[in-house]
Amino acid sequence: MKTKATICPAVAALSVTVFDEDLTIRAIVTREMLVHRFGDIGEGQQGLLTTFSQHSTAISALILERYRETGKVPIVLHAEG
């Protein structure tokens, strides 16, 4: 499996693409979800990318799990209240 992440312009979120076997799954992962799941992630775009780098396996697993539950793309992972 291969995963790629970029910053979503003007939004506090990552655009993540997971490549798993024959699947390409696109997802939006919000800053709020990252903070909710992993705690303080630091400021700005660098905080988003650093957190992704540190937790990419867990984030990819969450995306795959949501895809398998819904079968829909894009996946949007946000903080659940």
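The rules we used
- Residues numbered from 1 in each chain as written.
- Predicted model: local features only at pLDDT ≥ 70, side-chain atom pairs only at ≥ 80, totals over all residues.
- Heavy atoms only, no water.
- Axes fitted to C-alpha atoms, helices over the stretch in contact; angles between N-to-C directions.
- Helix = DSSP H or I, 4+ residues; strand = E, 2+ residues; numbered from the N terminus.
- Parallel < 35°, antiparallel > 145°, perpendicular 65-115°, else oblique.
- Left-handed = near helix turned anticlockwise from the far one by under 90°.
- Contact = heavy atoms within 4.5 Å.
- Core = buried A, V, L, I, M, F, W, Y, C linked by side-chain atoms within 4.5 Å.
- Buried < 20%, exposed > 50% of the residue type's maximum accessible area, 1.4 Å probe, protein only.
- Salt bridge = Lys/Arg side-chain N within 4 Å of Asp/Glu carboxyl O.
- Phe/Tyr/Trp six-rings, centres within 6.5 Å; stacked < 30°, edge-to-face > 60°.
- Lys NZ or Arg CZ within 6 Å of the ring centre and 35° of its normal.
- Pairing = 2+ DSSP bridges.
- Expected span 1.5 Å × (residues − 1).
- Bend = angle between axes of the 7 residues up to and from the residue.

Can you help me understand the packing of helix α1 (residues 31-38) against helix α2 (residues 44-70) in this one?
Pairs of packed helices are described in terms of their axes, by the angle between the two and the distance that separates them. Relative to each other, α1 and α2 sit at 65°, their axes nearing to 10 Å. As far as their axial angle goes, α2 and α1 are roughly perpendicular. Of the two possible hands of crossing, α1 and α2 adopt the one that is left-handed. Facing α1, whose interface residues are Arg31, Met33, Leu34, Arg37 and Phe38, α2 presents Gly44, Leu48, Thr51, His55, Ala58, Ile59 and Leu62.

Before we go on, may I ask you to explain the nonpolar core in this structure?
A general feature of soluble globular proteins is that nonpolar side chains tend to end up buried together. Membership of the largest hydrophobic core comes to 17 residues, with the highest contact counts inside it found for Leu14, Val16, Val29, Leu34, Ile63 and Leu77. Secondary structure elements with two or more residues in this core: β2 (13-20), β3 (23-30), α1, α2 and β4 (75-77). The element contributing the most residues to this core is α2, with six residues.

I'm lost on the pattern of salt bridges in this one. Help?
Close approach of charged atoms allows side chains of opposite charge to pair. Counted under the stated rule, the structure contains two salt bridges. The partner of Asp20 in a salt bridge is Arg68, and the shortest N-O contact between them spans 3.6 Å. Of this pair, Asp20 sits in strand β2 while Arg68 sits in helix α2, and the two are 48 residues apart along the sequence.

What should I look at first to understand the packing of aromatic side chains in this one?
The description of an aromatic ring pair rests on the distance of the ring centres and on the angle between the ring planes. Using the criterion set out here, one finds zero aromatic pairs in the structure. The aromatic ring of Phe19 is capped on one face by Lys2, whose charged end is 5.8 Å from the ring centroid.

What should I look at first to understand the pairing of β3 in this one?
In the case of a regular strand, side chains alternate between the two sheet surfaces. Of the pairings in the sheet, the one linking β2 to β3 comprises eight bridges and is antiparallel in character. What sits directly across from Val16, in β3, is Ala27. Remark: two residues form the turn of the hairpin made by β2 and β3, two consecutive strands paired antiparallel; Glu21 in that turn has positive phi of roughly 55°. Here β3 runs beside β4; their pairing, made up of three bridges, is parallel. In the sheet register, Ile28 faces β4, and the bridge partner there is Val76.

Explain α2 to me, please; I cannot follow it from the model alone.
Since the α-helix turns once every 3.6 residues, residues separated by three or four places project in the same direction. Taking 1.5 Å per residue, 27 residues should reach 39 Å; α2 reaches only 31 Å between its end C-alpha atoms and comes up short. Along α2, the sharpest change in direction is near 85° and occurs at His55. Within the span of α2, buried status applies to Gly47, Leu48, Thr51, Phe52, Ile59, Ser60, Leu62, Ile63 and Leu64. At the C-terminal side of α2, Gly71 shows a positive phi close to 70°.

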